[in-house]
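In case you want the letters, here they are:
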Amino acid sequence: MLENHGLNKVIDEGRQGEAIILEGGTGSKKLYVESYGCQMNFSDSEVVASIMTKEGYTTTRNIDEADVVLINTCSIRENAETRVRNRLTEFKKRKAEQPNLVVGILGCMAERLKQALLEEEQLVDLVAGPDAYRDLPNLIDEVGTGQRAVNVLLSREETYADISPVRMDQGGVSAFVTITRGCDNMCSFCVVPFTRGRERSRDPLTIVQECKDLFANGYREVTLLGQNVDSYRWNMSSKGVLKDETIPTTNFAQLMEMVALIHPDLRIRFSTSHPKDMTDDVLEMMAKYENICPYIHLPVQSGNSNVLERMNRGYSREWYLERIAAIKRIIPDCAISTDIITGFCGETEEEHQETVSLMREVGYDFAYMFKYSERPKTLAERKFEDDVPEEVKGKRLEEIIALQLKNASAAHKSQVGKIAKVLVEGPSKRSAEHFSGRDGRNSKVVFPKGDSKKGQYVFVKITDYTSATLMGELVNHAN
Ligand code: 5AD
Ligand code: SF4
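Residues numbered from 1 in each chain as written. Chains lettered and ligands numbered in written order. Predicted model: local features only at pLDDT ≥ 70, side-chain atom pairs only at ≥ 80, totals over all residues. Heavy atoms only, no water.

**A few points about the overall build of the chain**
Scanning the chain from terminus to terminus reveals 14 helices and 23 strands. Reported as C-alpha extents along the three principal axes, the dimensions of the chain are approximately 65 × 55 × 50 Å. Each of the 479 residues in the chain was classed as buried or not, and the buried ones make up 57%. Sequence-distant contacts in the chain: of pairs separated by 6 or more residues, those separated by 24 or more amount to 69%. When the accessible surface of the chain is summed, it comes to about 19900 Å², and 50% of that surface belongs to carbon and sulfur atoms. (Helix = DSSP H or I, 4+ residues; strand = E, 2+ residues; numbered from the N terminus. Buried < 20%, exposed > 50% of the residue type's maximum accessible area, 1.4 Å probe, protein only. Contact = heavy atoms within 4.5 Å. Areas by Shrake-Rupley, 256 points an atom, 1.4 Å probe, with all protein chains shown as cover.)

If you want it as structure tokens, here you go:
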């Protein structure tokens, strides 16, 4: 493992819109990396940092000393792209003063916009799509010879399985581990299948090894990442690419078990589950191991079956509610979160009200809620009209956010008086005398730190709550 890598979050806009900056390494050339978007992008930036440090780069938080600036981008909604474009315009100004600076764009926007960013807008020197990061050193060399460099080839095999990512959070307790890349689902609103390509699974042995290394380095929590973790499937004879049912395979439940068995003190989380693929064997595996956290992120997107059909989600409201019932049956105290889109093409008020009623019925612990944002080339853009007025989308969004706040408060209220097992992450934002961590259900828990330490499990009696946080008192240490 490499030393001295810090994490700095500069913007926080929820799960899909954070920006992070990496720092560390020992080489002479300086690399500045900024990441936007989903957890997968953060994880990819760690792979990029690993590739570049092997080439003699040191990552830095100080953009003023950088020789190379890379920005890892998100295309999921239009406003994510707008933010990145503004940032690129700032970099362009910097480049005017520092002509040797190399500015590169990575990730989903690189894949989506390809040459346009290089040629029409001349915002960057280098464009690398999500499957082209091994090529970054060559691309930077090309830029050094006065050319503009681009590699946006998508691969059916690349999983960066052999690359040990440079952790953004050295001395941290929680890390992301990518298990699948790409997505084959083609939800009609979503640009991801176009920007991240076909779904492929990573060799389970490399996943287990990475998790073992993390545990040995003091990490106590891994989040297994994929666009649709439930379709994880590794087939020994075909490098996981072909899905031949006659050959023994490792599925997601089995992979989770392999990781859970590394050590009882290594917590396992995962994201994202797809309702159409989430099987009972995954739920049963979660119930079997105490260190697999009782928390499932199960995006519903809409509570109305016709909207779900237009979204090409592959399930109905009834199917989804049956999956929720299965979770509650097999893991009774499991926390559940979701993603919801308001104002998708043709969404009527009645259809929207079905989303509201579904939220009431499920009582989500957390939810990430968005207004529909039409994305170029998606099925929805080609087939349907983006016909729900912006203010109606906004009003519906406000309505579900207000309901979610109530649901989250009610979920937290039900925890008062209980004892939570909390993994200590570090000082709380508000007070040096308090620590903050997460319970298995993924709620943030704040408590007077006593003699507990970062990276330790502690038992906290919950005494108070808000919709976002649980507060409590230290009962004792678990280790
Ligand atoms: N508009 C709004 N939200 C979207 N998402 C994906 N595509 C779009 C879009 N075009 C949301 C979905 C998904 C989450 C990651 O982002 O809810 O689950
Ligand atoms: Fe997009 Fe659907 Fe794939 Fe998620 S499952 S990445 S929403 S296409």
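Still more to cover.
**Side note on the sheet that holds strand β12 (residues 221-225)**
If you walk across this open sheet you meet the 3 strands as β9-β12-β15, and the pairing is parallel. For this open sheet the edge positions go to β9 (174-178) and β15 (267-271), each flanked by a neighbour on one side alone. Each strand of the sheet is rotated relative to its neighbour by a mean of 25°, with strand direction disregarded. As defined by bridge partners, β12 adjoins β15 across 5 bridges and the pair is classed as parallel. Bridging across to β15, L224 finds its partner in F270. (Pairing = 2+ DSSP bridges. Axes fitted to C-alpha atoms, helices over the stretch in contact; angles between N-to-C directions.)

**Brief notes about helix α1 (residues 39-54)**
The terminal C-alpha atoms of α1, which comprises 16 residues, lie 23 Å apart, in line with the 22 Å expected from a rise of 1.5 Å per residue. A large share of α1 lies buried, amounting to 15 of its 16 residues. Of the residues trailing α1, G56 is marked for its positive phi of about 90°. (Expected span 1.5 Å × (residues − 1).)

**A few points about the domain arrangement of the chain**
By the assigned domains, the chain splits into domain 1 (13-151), domain 2 (174-413) and domain 3 (419-475). Just the C-alpha atoms count here: the centres of domain 1 and domain 3 sit 36 Å apart. (Domains from an automatic or database assignment.)

**Some words on the packing of helix α11 (residues 317-330) against helix α12 (residues 349-362)**
One can describe the packing of α11 onto α12 by two numbers: an axis separation of 11 Å at closest approach and a directional angle of 10°. One finds that α11 runs roughly parallel with respect to α12. On α12, the residues that touch R317, Y320, L321, I324 and K328 of α11 are E354, S357, L358, E361 and V362. When its residues are assigned to classes, the contact of α11 with α12 shows 5 nonpolar, 1 polar and 4 charged. (Parallel < 35°, antiparallel > 145°, perpendicular 65-115°, else oblique. Nonpolar A, V, L, I, M, F, W, Y, C, P; charged D, E, K, R; others polar.)

**Description of the sheet that holds strand β16 (residues 295-297)**
Each strand in a sheet pairs with another by means of backbone hydrogen bonds, the pair being arranged parallel or else antiparallel. One open sheet accounts for 3 strands, arranged β16-β17-β18; its pairing is parallel. Two strands bound the open sheet, and with one partner strand each, they are β16 and β18 (366-371). Strand-to-strand twist of the sheet, defined as the mean angle between neighbouring strand axes without regard to direction, takes the value 10°. Pairing between β16 and strand β17 (residues 335-342): 3 bridges, direction parallel. Counted as the bridge partner of I296 is I336 from β17.

**Observations regarding the packing of aromatic side chains**
The final tally for this structure, using the stated rule, is 8 aromatic pairs. With 5.8 Å between their ring centres and 80° between their planes, Y295 and F366 make a pair best called edge-to-face. Residue Y295 is located in strand β16, and its partner F366 is located in strand β18; the two are separated by 71 residues in the primary sequence. Among the residues examined, F366 registers a relative accessible area of 18% and is labelled buried. Relative to F384, the ring of F344 has its centre 6.3 Å away and its plane inclined at 75°; by these criteria the two rings are edge-to-face. A residue pair is termed long-range when its members are at least 10 positions apart, and F344 in the loop between β17 and α12 and F384 in the loop between α13 (379-383) and α14 (390-413) qualify at 40 residues. Three or more aromatic residues link up through ring pairs in this structure, and these residues are F189, F344, Y372 and F384. If you follow R77 out to its NZ or CZ, it ends over the ring of F370, 3.6 Å from the centre. Cation over ring: K421 sits above Y457, and NZ or CZ is 4.8 Å from the ring centre. (Phe/Tyr/Trp six-rings, centres within 6.5 Å; stacked < 30°, edge-to-face > 60°. Lys NZ or Arg CZ within 6 Å of the ring centre and 35° of its normal.)

**Structural notes on helix α2 (residues 78-97)**
Here α2 contains 20 residues, and its C-alpha end-to-end distance of 30 Å stays within 8% of the 28 Å for a straight helix at 1.5 Å per residue. Regarding α2, the residues found buried are A80, E81, V84, R87, L88 and F91. Looking straight down α2, one finds its buried side chains confined to an arc of 125°; they lie on one side. Exposed residues lying more than 90 degrees from the buried face of α2 are E78, K93, A96 and E97. Of the surrounding secondary structure, the elements contacted by the buried residues of α2 are β3 (29-37), β5 (68-73), β6 (102-106), α3 (107-113) and α4 (115-118). (Arc of directions from axis to C-beta.)

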